[in-house]
Amino acid sequence: MAMDIRPASALRTEYNELAARSRTTGQPIYITRNGEGDTVLMDLDAFTRREEELDRREAVLDHRALVLEAELGRLSGEPTYTSEQVRDAVRQHLLNRRREKHG
């Protein structure tokens, strides 16, 4: 689908039509001012879906960065632990906190 580009004056004269088109197509409408890009008119549901997708992608990238950081640490000789060792350490930590609390 081709980009829908409209002048800012269309917001005053054709807002209902533009809003309906954006809702129907789910595509943004690019608004220009003095021939230059200015703003975007977009259906709220389409905008929300885009934002959620960007949030998901960012979370995936954050996770990949953590995995890469851990792998680089492992390759540089930092100590590693099995899941059983981590589980035992967490249990011990929780037991120690419980003892301190009820001390």
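I will try to describe carefully the structure that is included in this document.

Cut-offs used in this document
- Residues numbered from 1 in each chain as written.
- Predicted model: local features only at pLDDT ≥ 70, side-chain atom pairs only at ≥ 80, totals over all residues.
- Heavy atoms only, no water.
- Helix = DSSP H or I, 4+ residues; strand = E, 2+ residues; numbered from the N terminus.
- Rg over C-alpha atoms; globule rule 2.2 N^0.38 Å.
- Buried < 20%, exposed > 50% of the residue type's maximum accessible area, 1.4 Å probe, protein only.
- Contact = heavy atoms within 4.5 Å.
- Areas by Shrake-Rupley, 256 points an atom, 1.4 Å probe, with all protein chains shown as cover.

1. Observations regarding the overall build of the chain
Per the secondary structure count, the chain includes three helices and three strands. Its helices and strands taken in sequence order, the chain reads β-α-β-β-α-α from the N to the C terminus. At 26 Å, the chain has a C-alpha radius of gyration far larger than the 13 Å of a compact globule built from 103 residues. Summarising its shape, the C-alpha atoms of the chain cover approximately 70 × 40 × 25 Å along the three principal directions. Counting across all 103 residues of the chain, residues that qualify as buried make up 14%. Taking the contacts inside the chain whose residues are at least 6 apart along the sequence as the reference set, 29% of them involve residues at least 24 apart. Looking at the chain as shown, the accessible area adds up to about 8,900 Å², and 52% of this sits on carbon and sulfur atoms.

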